[in-house]
Amino acid sequence: MNIIMLGAQGTGKGTVAGFISQEMGWPQISTGDIFRKNISEKTELGIIADSYISKGNLVPDEITVPIVKKRLAEDDAKNGVILDGFPRTIAQAEKLDEILAEVGKKVDLVINLVTPKEEIIERMLTRRVCTNQECKATYNTKLHPPKVEGICDKCGAPLKQRDDDKDPEAINRRLELYEEKTSPLIEFYKQKGVLRTETVSVAINHLGKDVADEVVRDIRGN
Ligand code: ADP
Ligand code: ZN
C-alpha cells in the first residue's frame, strides 16, 4: 500500500509515518531525511540541496524527483511505502503518479494532518531529531520526549534541534511555501478519492500516535 503524508510542517507527519512504518513493515521515505543525510556527508547532492534548504526554499524537481524514483525502485519498497515530504507540489504529484503507474501501482491513501497554527510553531521549536542518520527518530520535548533527555530511545545517539527549526524566519517561509505550493495537493487527492484528513492537536487530545493507530487498524481491517 502506497501512503502519502500531507500536512504543514510541525503537524507530526514524521511521527505518524514512523509509527505506521514500524507497524506495517513498509519503509518511511522522507525526502527531507535523504537531503539531510547527504548534507551531513557533504555529498555533491548534499551541497546543492543545502543551498536551497538553508534558505527555506524547495529543492528543484530535477533533483528531487529522480531521487524518489530511485528509492521507490528499491526492494524494500515493493509491498508499500509511506512517503513523507514528497510530493510537495502538483507537478511532483503528477510525476509520482507516472512513476507508480509504470510499475502498475498507485497512491492508495493520503493522510492529511491538520493542526492549529499556534500549536505548529510551538511544536517546531520543541522538535528534536536523532543525530544517527541510520535512525533519524523524531521526538518532541513536550509531547513525545525521549526516556532520557537528549538521548534517542531507539539507538542511544544524541538528539539535536534541526538548524531550520531554530530560525523563526525560515519557519515562517516554510509555512508560507506550504500554503502556496503544497496545500493544493489536498484538493488534488480529494478528487481522486484517496484523501483522509485528521486533526492532530493537544487541545482535543488527538496526537500522531492516535492517528497512526487508527490508520493501522483500518488497514488491517480491510
Ligand atoms: P519540513 O517539512 O519540516 O520543512 P522536511 O524534512 O520535509 O522538513 O524537508 C526539509 C527541507 O528539504 C524542505 O524545507 C525543502 O527545502 C527540502 N525538501 C524536502 N522534500 C522536498 C520535496 N519533495 N521537494 C522539494 N524540496 C524538498
Ligand atoms: Zn536514534
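Quick note: structure is the one above.
Rules used in this analysis
- Residues numbered from 1 in each chain as written.
- Chains lettered and ligands numbered in written order.
- Predicted model: local features only at pLDDT ≥ 70, side-chain atom pairs only at ≥ 80, totals over all residues.
- Heavy atoms only, no water.
- Helix = DSSP H or I, 4+ residues; strand = E, 2+ residues; numbered from the N terminus.
- Expected span 1.5 Å × (residues − 1).
- Buried < 20%, exposed > 50% of the residue type's maximum accessible area, 1.4 Å probe, protein only.
- Arc of directions from axis to C-beta.
- Contact = heavy atoms within 4.5 Å.
- Axes fitted to C-alpha atoms, helices over the stretch in contact; angles between N-to-C directions.
- Pairing = 2+ DSSP bridges.
- Salt bridge = Lys/Arg side-chain N within 4 Å of Asp/Glu carboxyl O.
- Near = heavy atom within 4 Å.
- Polar contact = N/O pair within 3.5 Å; in protein donor to acceptor, adjacent residues only side chain to side chain.
- Areas by Shrake-Rupley, 256 points an atom, 1.4 Å probe, with all protein chains shown as cover.
- Nonpolar A, V, L, I, M, F, W, Y, C, P; charged D, E, K, R; others polar.

Undergrad: Sorry, what's going on with helix α5 (residues 90–102) here?
TA: Residues spaced three or four apart along an α-helix face the same direction, because each turn holds 3.6 residues. The first and last C-alpha atoms of α5 sit 19 Å apart over 13 residues, in line with the 18 Å expected at 1.5 Å per residue. Here α5 has its buried residues at Q92, A93, L96, I99 and L100. The arc that holds the buried residues of α5, viewed along the axis, is 120°, so those residues lie on one side. Along α5, exposed side chains directed more than 90 degrees from the buried face belong to A101 and E102. On its buried side, α5 packs onto β1 (2–7), α4 (61–72), β3 (81–84) and α9 (184–192). Looking at the residues trailing α5, positive phi occurs at G104, about 70°.

Undergrad: In this structure, what is going on with unusual backbone geometry? I would like to understand it.
TA: Peptide bonds are, in most cases, trans, and in most cases residues other than glycine have a negative phi. Of the consecutive residues F86 and P87, the connecting peptide bond is found in the cis state with omega at -5°. Mapped onto the secondary structure, P87 falls in the loop between β3 and α5. Of note in this structure, K42 is not a glycine but carries a positive phi near 55°. Checked against the element boundaries, K42 lands in the loop between α2 (31–40) and α3 (44–53).

Undergrad: Got a minute to help me understand the packing of helix α8 (residues 168–182) against α9 in this structure?
TA: A pair of packed helices is captured by two measures, namely the crossing angle of their axes and the spacing between those axes. Contact geometry for α8 and α9: axes closest at 5 Å, N-to-C directions at 35°. Judged by residue contacts, Y178, E179, E180, K181 and T182 of α8 engage P184, L185 and I186 from α9.

Undergrad: How should I be thinking about the sheet that holds strand β7 (residues 159–160) in this particular structure?
TA: Read from one edge to the other, the open sheet built from three strands follows the order β6-β5-β7, with strand pairing classed as antiparallel. Looking at the sheet topology across the chains shown, the edges are occupied by β6 (138–140) and β7. Relative to β7, strand β5 (residues 127–130) runs antiparallel, the two sharing two bridges. Looking across to β7, one finds that C130 is bridged to L159.

Undergrad: Please explain the sheet that holds strand β2 (residues 28–30) as it appears in this structure.
TA: Within a beta sheet, neighbouring strands are joined by backbone hydrogen bonds and run either parallel or antiparallel to one another. Strands sit in the order β2-β3-β1-β4-β8 across an open sheet of five strands; the sheet is parallel. For this open sheet the edge positions go to β2 and β8 (195–199), each flanked by a neighbour on one side alone. Ignoring which end each strand starts from, the neighbouring axes of this sheet average 25° apart. Sheet analysis places β1 next to β3, joined by four bridges and oriented parallel. Following the sheet pairing, N2 is matched in β3 by V81.

Undergrad: Looking at this model, I keep getting lost on the pairing of β5. Mind explaining?
TA: Residues in a regular strand project their side chains so that they alternate between the two faces of the sheet. Strand direction decides the pairing type here: β5 and β6, joined by three bridges, are antiparallel. Across the sheet, residue R127 finds its bridge partner in β6, namely N140.

Undergrad: Can you help me understand the pattern of salt bridges in this one?
TA: Opposite charge on two side chains lets them pair, provided their charged atoms get close. Counted under the stated rule, the structure contains 22 salt bridges. Across the pair E134 and K37 runs a salt bridge whose closest N-O atoms are separated by 4.0 Å. Of this pair, E134 sits in the loop between β5 and β6 while K37 is found in helix α2, placing the two residues 97 residues apart along the sequence. Overall, the relative accessible area of 25% leaves K37 in the partly exposed class. The residue R123 makes a salt bridge to E119 at a minimum N-O spacing of 3.4 Å. Here R123 and its partner E119 are both found in helix α6 (residues 117–125), four residues apart, which amounts to about one turn of the helix. Residue classification places E119 among the buried residues on the basis of a relative accessible area of 13%. One network of salt bridges, in which partners are shared, links R127, R162, D164, D165 and R174.

Undergrad: Can you help me understand the site of ligand 1 in this one?
TA: Lining the immediate environment of ligand 1, one finds 17 residues, of which T31, R36, N57, G85 and R174 sit closest. Contacts to ligand 1 include V59, whose backbone N or O atom sits 3.0 Å from a nitrogen atom. Here a nitrogen atom of ligand 1 sits 2.9 Å away from a polar atom, N or O, in the side chain of Q92. Look at ligand 1: alone it shows 540 Å² of surface, and the protein chains cover 97% of it. Residue composition of the shell around ligand 1, grouped by class: five nonpolar, seven polar and five charged.

Everything listed here is a matter of coordinates, which is why it stays silent on function.
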